[in-house]
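# Summary of the model geometry
The residues making up each chain are set out below.
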Amino acid sequence: MFDRVKVYVKAGDGGDGSPHLRREMYVPHGGPDGGDGGRGGSVYVEADDQLNTLITYAHKKHFKAGSGGRGLRQRQHGASGEDLVLKVPPGTVVRPPEGDEILADLVQPGDRVLVARGGRGGLGNVHFSTATHQTPRFAQKGEPGEERWIRLELKLIADVGIVGLPNAGKSTLLSVISAAKPKIADYPFTTLEPQLGVVQRDDVDFVVADIPGLIEGAHAGAGLGHEFLRHVERTRLLVHLVDGSGQLSDPLTAYKQIRNELSLYADRLAGVPEIVAVTKQDLPEAGELWPLVQAELEALGVHPLAISAVTHQGVDQLLDEIARRLPELPPPATFGPSPTDYKVFALEPEDDFRVESEDGGFTVRGRKVERVIAMTDLRRPEAVDYLQGQLKRLGVTQALERAGVKSGDVVHIGGEELVWE
Ligand SMILES: Nc1nc2c(ncn2[C@@H]2O[C@H](COP(=O)(O)OP(=O)(O)OP(=O)(O)O)[C@@H](O)[C@H]2O)c(=O)[nH]1
Ligand SMILES: [Mg+2]
């Protein structure tokens, strides 16, 4: 069942700036005319209502946006790298690789979140000429694109969730009230993935999800466990089906087991309003049990309906009840920040850095300083001179000196080894 995947996204690197020097007849020293590198493409995740599973990501796990082109002579900019948009079904939440945090909940088709930002293009040498140094022969390298693992998790968006023990008749009910054709069979765990159906009742349309059978311990992962309880989380109303024939379990016990599983999974689920329907009333056993089952449920404050998916007994009444209650209920639950708040993926703060020293060497860590190093062409002495100015402006030089750096010491920054001078 493809409703949970982990993928690796890599934004495009920025293109390198050009160090080109203009050559002109009769001009002894041509000036710099190298253009900037193009920006690398970014990676986005976007909800698309043509999709209803994450199966696209079952095998392919690595996704990379286009890199920016190099800057060219005559101040020409490099081409921008192409963005990459990963399409997911509406209802997909985006999470970091570990933990419970939700970075974005893509509910509406078109909702989109940036998950890896493309690198900026490096500046061409035209930016580095100064009054005293008019022919810089170096340019900035492009900034590397961001890369990270993310998790995508689908929480279906449905108005009504049909829950109940395995074999209660959930799929049969869905097939009777909608055009959906779920698999139906006389054994538990027939349905392995939630099925959706659209029901039209007078002027109310609603989406019903048939959730695979819940068993005791589902909240802790027994049976198919969480795999599908996740899909009940957004529903506005539950239809709780109890097998009235008592074939596999006593109806009252069955009812209590499901209530227990729902509340153990999440408080919110226990609070979702429910309509209880005792089904298979066409069977003589169910008919005989009904007065007792009804009385027992009433004693708990529950007012059950008696239905049969086979003869349609009580089905109209059930649909009327759903259509009556839905308009009064809040819209489907959403999680995490609202779309307007997460146009930009939460990034670590840029400015912080720290200096670590261990025998004979120093390491400087921090996003911004690592980026500055990655964008420096270390083979060019002029570029290294320029870098020294940048390290001073960032306060890195001062911090290293406080930590005791001496000429000749090795300083590691972002995978590069610099000899301090
Ligand atoms: N007589 C009778 N049988 C029913 C009725 N509803 C369902 N059944 C039968 O009960 C069995 C289970 O039905 P399903 O709809 O597959 O049950 P389910 O709740 O979806 O089961 P899982 O997907 O395994 O959780 C099938 O043999 C159905 O034909 C009903 O109203 N009357
Ligand atoms: Mg089923």
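Source: prediction; values computed, not measured.

What counts as what
Think of each chain on its own: its residues are numbered from 1, step by step along the sequence as written. Numbering of ligands from 1 and lettering of chains from A proceed in the order in which they are written. Since the coordinates come from a predicted model, pLDDT governs what is reported: local features require at least 70, and pairs of side-chain atoms require 80 or more to be given and counted, while whole-chain, interface and lining totals use all residues. Side-chain metrics rest on all non-hydrogen atoms present in the structure, leaving aside hydrogens and water. Aromatic contacts are taken between Phe, Tyr and Trp rings whose centres are within 6.5 Å, Trp giving its six-membered ring; a plane angle under 30 degrees counts as stacked, one over 60 as edge-to-face, and the others as tilted. The numbering of helices and of strands both runs from the N terminus, where a helix is a DSSP run of H or I of at least 4 residues and a strand a run of E of at least 2. Per-residue accessibility, obtained with a 1.4 Å probe over protein chains only, is compared with the maximum for each type, and a residue is labelled buried under 20%, exposed over 50%, and partly exposed between these values. Both a distance and an angle decide whether a charge sits over a ring: NZ of Lys or CZ of Arg must be within 6 Å of the ring centre and within 35 degrees of the ring normal. In this description, strands pair whenever DSSP reports at least two bridges between them. The axes used here are C-alpha line fits, helices contributing only the stretch in contact, and every angle between their N-to-C directions lies in the interval 0 to 180 degrees. Any pair of residues with heavy atoms lying within 4.5 Å of one another is described as a contacting pair. Throughout this description, the term nonpolar core refers to a set of buried Ala, Val, Leu, Ile, Met, Phe, Trp, Tyr and Cys residues connected via side-chain atoms within 4.5 Å. In this text, near means that some heavy atom of the residue lies within 4 Å of the molecule or strand in question. Polar contacts, as counted here, are pairs of nitrogen or oxygen atoms within 3.5 Å of one another; within protein the pair requires one atom able to donate a hydrogen and one able to accept it, and residues that are adjacent in sequence qualify only if both atoms are side-chain atoms. Only the protein chains shown count as covering a residue, and every accessible area follows the Shrake-Rupley method with a 1.4 Å probe. Here pLDDT means the predictor's own confidence in every residue, given as a number from 0 to 100. Should an angle lie under 35 degrees it is considered roughly parallel, over 145 roughly antiparallel, and from 65 to 115 roughly perpendicular; all remaining angles are considered oblique. Polar here means any residue other than Ala, Val, Leu, Ile, Met, Phe, Trp, Tyr, Cys and Pro, which are nonpolar, and Asp, Glu, Lys and Arg, which are charged; Gly is therefore polar. Salt bridges are identified by distance alone: a Lys or Arg side-chain nitrogen within 4 Å of an Asp or Glu carboxyl oxygen.

All right, on to the packing of aromatic side chains then. The tally for this structure, following the rule as stated, stands at five aromatic pairs. Look at Y8 and W149: their rings are 5.2 Å apart centre to centre, the planes differ by 65°, and that puts the pair in the edge-to-face class. Taken together, the positions of Y8 in strand 1 (residues 4-10) and W149 in strand 8 (residues 147-154) put the pair 141 residues apart, joining distant regions of the chain. On the basis of relative accessible area, W149 is assigned to the partly exposed category, the value being 35%. An angle of 70° between the planes, with centres 5.6 Å apart, marks the rings of Y57 and F63 as edge-to-face. Note on accessibility: Y57 and F63 belong to one class, buried. Positioned over the ring face of F63 is K60, at 4.7 Å from the centre of the ring. The ring of Y44 has R112 sitting right over it, with the charged end atom 4.5 Å from the ring centre.

Picture the strands of a sheet paired through backbone hydrogen bonds; they go either parallel or antiparallel. Spatial strand order, 3-1-8-5-6: five strands in an open sheet with mixed pairing. In this open sheet, the two strands that pair with only one neighbour each are strand 3 (62-64) and strand 6 (104-106). The sheet shows a mean angle of 30° between the axes of neighbouring strands, taken without regard to direction. Note that strand 5 (residues 92-95) and strand 8 share four bridges and pair antiparallel. Within strand 8, the position partnered with R95 by the bridge is R151.

Attention now goes to the sheet that holds strand 10 (residues 195-201). If you trace the six strands from one edge of the open sheet to the other, you get 10-11-9-12-13-14, paired in mixed fashion. Strands with a single pairing partner mark the edges of an open sheet, and in this sheet they are strand 10 and strand 14 (305-306). Here strand 13 (residues 274-279) runs beside strand 14; their pairing, made up of two bridges, is parallel. Its bridge partner lying in strand 14, A277 is registered against L305. Its contacts with the sheet place helix 5 (residues 284-299) against strand 13 and strand 14, and it is angled at close to 155° to strand 13.

With 24 residues, the main nonpolar core has V160, L173, F206, V208, L241, L318 and I322 as its most contacted residues. A total of five residues in this core trace back to one element, the largest contributor, which is helix 6 (residues 315-325). Ignoring sequence-local partners within four residues, the contact set of V160 consists of F206, V207, V208, A209, T235, L237, V239, I322 and L326. Listed in part, the 23 residues of the second largest apolar core include V5, A47, I150 and L154.

Take the site of ligand 1 next. As a matter of local geometry, ligand 1 sits amid 23 residues, with K170, T172, F189, T190 and T191 nearest to it. Contact distances for ligand 1 include 2.7 Å between an oxygen atom and a side-chain N or O atom of K170. Taken by itself ligand 1 offers 650 Å² of open surface, and the protein chains cover 89% of this. Of all the elements, helix 1 (residues 170-177) adds the most residues to the shell around ligand 1, at three residues.

Bringing the confidence of the model for the protein into the picture now. With 92% of its residues at a pLDDT of at least 70, the protein reaches an overall mean of 88. Segment residues 343-347: pLDDT under 50, and 13 contacts once partners within four positions in sequence are set aside and those in other chains are kept.

What follows deals with the packing of helix 1 against helix 6. Between two packed helices, the angle of one axis relative to the other and the distance separating the axes together describe the packing. Contact geometry of helix 1 with helix 6 gives a least axis separation of 12 Å together with a crossing angle of 80°. Classed by the angle they form, the pair helix 1 and helix 6 counts as roughly perpendicular. Residue-level inspection shows L173, V176 and I177 of helix 1 in contact with helix 6, the latter providing V315, L318 and L319. Considering only residue class, the contact of helix 1 with helix 6 consists of six nonpolar, no polar and no charged.

Turning to the pattern of salt bridges, a few remarks are in order. Scanning the entire structure with this criterion turns up 25 salt bridges. The closest approach of N and O atoms between R201 and D316, which form a salt bridge, is 3.2 Å. In this pair, R201 is assigned in strand 10 and D316 in helix 6, connecting sequence segments 115 residues apart. Residue classification places R201 among the buried residues on the basis of a relative accessible area of 17%. Two residues, E321 and R325, come together in a salt bridge whose shortest N-O distance is 3.7 Å. Here E321 and its partner R325 are both found in helix 6, four residues apart, which amounts to about one turn of the helix. Salt bridges sharing common partners tie together R95, E153, K155 and E233.

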